[in-house]
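Structure assessment
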Amino acid sequence: MILVTGGAGYIGSHCALRLIEEGRDIVIFDSLELGHAETVETLRSASRGSKVEFVKGDLKNRDDIASVFSDYDIDAVVHFAAYSQVAESMRDPEKYYYNNVYGTLNLLSAMRDAHVDRIVFSSTAATYGEPEYCPIDENHPQRPINPYGNSKLTVERIMDDYDSAYGIRSVRLRYFNVVGADGRIGEWHVPETHLVPNVLKSVLSPGGVFSIFGTDYDTRDGTCVRDYIDIHDLIEAHILALGYLEGGGRTDYFNLGTNDGSTVREVFSECEAVVGSKIPVKECARRPGDPAMLIANNTKARDVLGWVPKHTLNDSVGSAWDWERKLSDQ
Ligand code: UFG
């Protein structure tokens, strides 16, 4: 079976769904602090005969995660469970180190004790910090500028040591900006901080106005540039990474992005095109900690994993819009 930690959250649930549709038996491990019980139910109902088990537990409780390895026959782990809000991590770093680092240590320790030697890990572009050049390749220095990025980089380093000492091989996938939804499940953060869902929510909430954070950056239209990667393409990389490890691949790390960037204004225009109407907008001050530009160089994932992202920003915004409307009807 494949263990999916954080499988009731946004990205974890999309990976769980893909594994279920491939007929793989999975165990979802989630505290439901940020993930949703409704998502677990949707995942269960997607099964066509494969096992979809759910364990409510917290990685910070060593016994919670250790018991998963004694109760189920786990072959490999895909590890999503983490806190991921940069601003919150600045206010409360302990929360991030305790959950993201200590929680992952408990997971790795349980894997070692159960002789499970393969893990795919959700890392982030935030491990690079302020870019020294763009597009960013995997050789770019990793100097995070916030505790969230530090917590993920610390886990990457721990994983190197767990490979050297205990033979646990890992693939670390460094996500850029993930957008889109399957439709049955989707992005469901409370509170929501991300660009595309915030633009779309402003359409659906009465009197809603979308806020652009910063229009004085040194970019082509003054707003920040990000590399938006579709959730389906992102999940495809996880499936390839699992196959890579199953085939004996060694520990490695890959950027997941498109090699292309869009400004906040460009994404906003794409949202207006998808929604089919003008969206009220106001220009606000910069959000602290936002770098002007983050674009991935994805050559390594293409060359080593054979990963080819296929979806456009229009696809991603379109599926996010379908999901937001569904969410607002609930
Ligand atoms: N933005 C707005 N208004 C909003 C929300 C966002 O203008 O209401 C802007 C931001 O200022 C930024 C861009 O839209 O310029 C993208 O912001 P997101 O919050 O969607 O994404 P981030 O680039 O800040 O963060 C993402 C992940 C983080 C990860 C980071 C890596 O969500 O987990 O990339 O750099 F750390």
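What counts, and where the lines are drawn
Residues numbered from 1 in each chain as written. Predicted model: local features only at pLDDT ≥ 70, side-chain atom pairs only at ≥ 80, totals over all residues. Heavy atoms only, no water. Helix = DSSP H or I, 4+ residues; strand = E, 2+ residues; numbered from the N terminus. Expected span 1.5 Å × (residues − 1). Buried < 20%, exposed > 50% of the residue type's maximum accessible area, 1.4 Å probe, protein only. Pairing = 2+ DSSP bridges. Axes fitted to C-alpha atoms, helices over the stretch in contact; angles between N-to-C directions. Near = heavy atom within 4 Å. Polar contact = N/O pair within 3.5 Å; in protein donor to acceptor, adjacent residues only side chain to side chain. Areas by Shrake-Rupley, 256 points an atom, 1.4 Å probe, with all protein chains shown as cover. Nonpolar A, V, L, I, M, F, W, Y, C, P; charged D, E, K, R; others polar. Right-handed = clockwise from strand over helix to strand, strands pointing away. Parallel < 35°, antiparallel > 145°, perpendicular 65-115°, else oblique. Left-handed = near helix turned anticlockwise from the far one by under 90°. Contact = heavy atoms within 4.5 Å.

We now examine helix H8 (residues 231-246). Structurally, the α-helix is built with 3.6 residues per turn, so residues lying three or four positions apart point the same way. Taking 1.5 Å of rise per residue, the 16 residues of H8 would be expected to cover 22 Å, and the 23 Å separating its terminal C-alpha atoms lies within 8% of that figure. Ile231, Asp233, Leu234, Ile235, Ala237, His238, Ile239, Ala241, Leu242, Tyr244 and Leu245 are the residues of H8 that are buried.

The next subject is the sheet that holds strand S3 (residues 52-56). Pairing in this open sheet of seven strands is parallel, and the strands run S3-S2-S1-S4-S5-S6-S11 from one edge to the other. Looking at strand neighbours, the two that pair on one side only are S3 and strand S11 (252-256), the edges of this open sheet. Looking at each pair of strands side by side, their axes are set apart by 20 degrees on average, direction ignored. Relative to S11, strand S6 (residues 169-175) runs parallel, the two sharing five bridges. Residue pairing in the sheet places Leu173 in a bridge with Phe254 of S11.

Neighbouring residues of the ligand: 21 residues in total, closest His194, Ser211, Arg226, Arg287 and Asp290. Within the backbone of Ser84, an N or O atom sits 3.4 Å from an oxygen atom of the ligand. Here an oxygen atom of the ligand sits 2.9 Å away from a polar atom, N or O, in the main chain of Phe213. About the coverage of the ligand: the protein hides 90% of its 690 Å² of free accessible area. Elements with a contribution of two residues or more to the shell around the ligand: helix H7 (195-204) and strand S8 (210-213). Residue contributions to the shell around the ligand peak at four residues, all from S8. Of the residues contributing to the shell around the ligand, the split by class is eleven nonpolar, seven polar and three charged.

The subject of this paragraph is the pairing of strand S2 (residues 26-30). Burial runs high along S2: five of the five residues are buried. Residues Ile26, Ile28 and Asp30 of S2 are buried on one face, and the alternating residues Val27 and Phe29, pointing to the opposite face, are buried as well. As a crossover connection, the stretch from strand S1 (residues 2-5) through helix H1 (residues 10-21) into S2 is right-handed. In this sheet, S3 lies alongside S2 in parallel orientation, the contact comprising five bridges. Directly across from Val27, in S3, lies its bridge partner Glu53. Taken together, S2, helix H2 (residues 37-45) and S3 constitute a β-α-β crossover, and its handedness is right-handed.

Time to look at the packing of helix H9 (residues 264-275) against helix H11 (residues 313-329). Packed helix pairs are specified by the crossing angle of their axes together with the interaxial distance, meaning the distance between the axes. It is at 9 Å that the axes of H9 and H11 come closest, and there the two elements cross at 60 degrees. Here H11 runs oblique to H9, going by the angle between their axes. Our pair here, H9 against H11, has a crossing hand that is right-handed. Residues Val267, Glu270, Cys271, Val274 and Val275 of H9 form the contact with H11, whose own contacting residues are Leu313, Asn314, Val317, Gly318 and Trp321. Tallied by class, residues from the contact of H9 with H11 come to seven nonpolar, two polar and one charged.

Contact geometry for H1 and H8: axes closest at 10 Å, N-to-C directions at 60 degrees. The angle between H1 and H8 falls in the class oblique. Viewed along their axes, H1 and H8 form a crossing whose handedness is right-handed. On the side of H1, the interface is formed by Tyr10, Ile11, His14, Cys15, Arg18 and Leu19, while H8 contributes Ile231, Leu234, Ile235, Glu236, His238, Ile239 and Leu242. A per-class count over the contact of H1 with H8 returns nine nonpolar, two polar and two charged.

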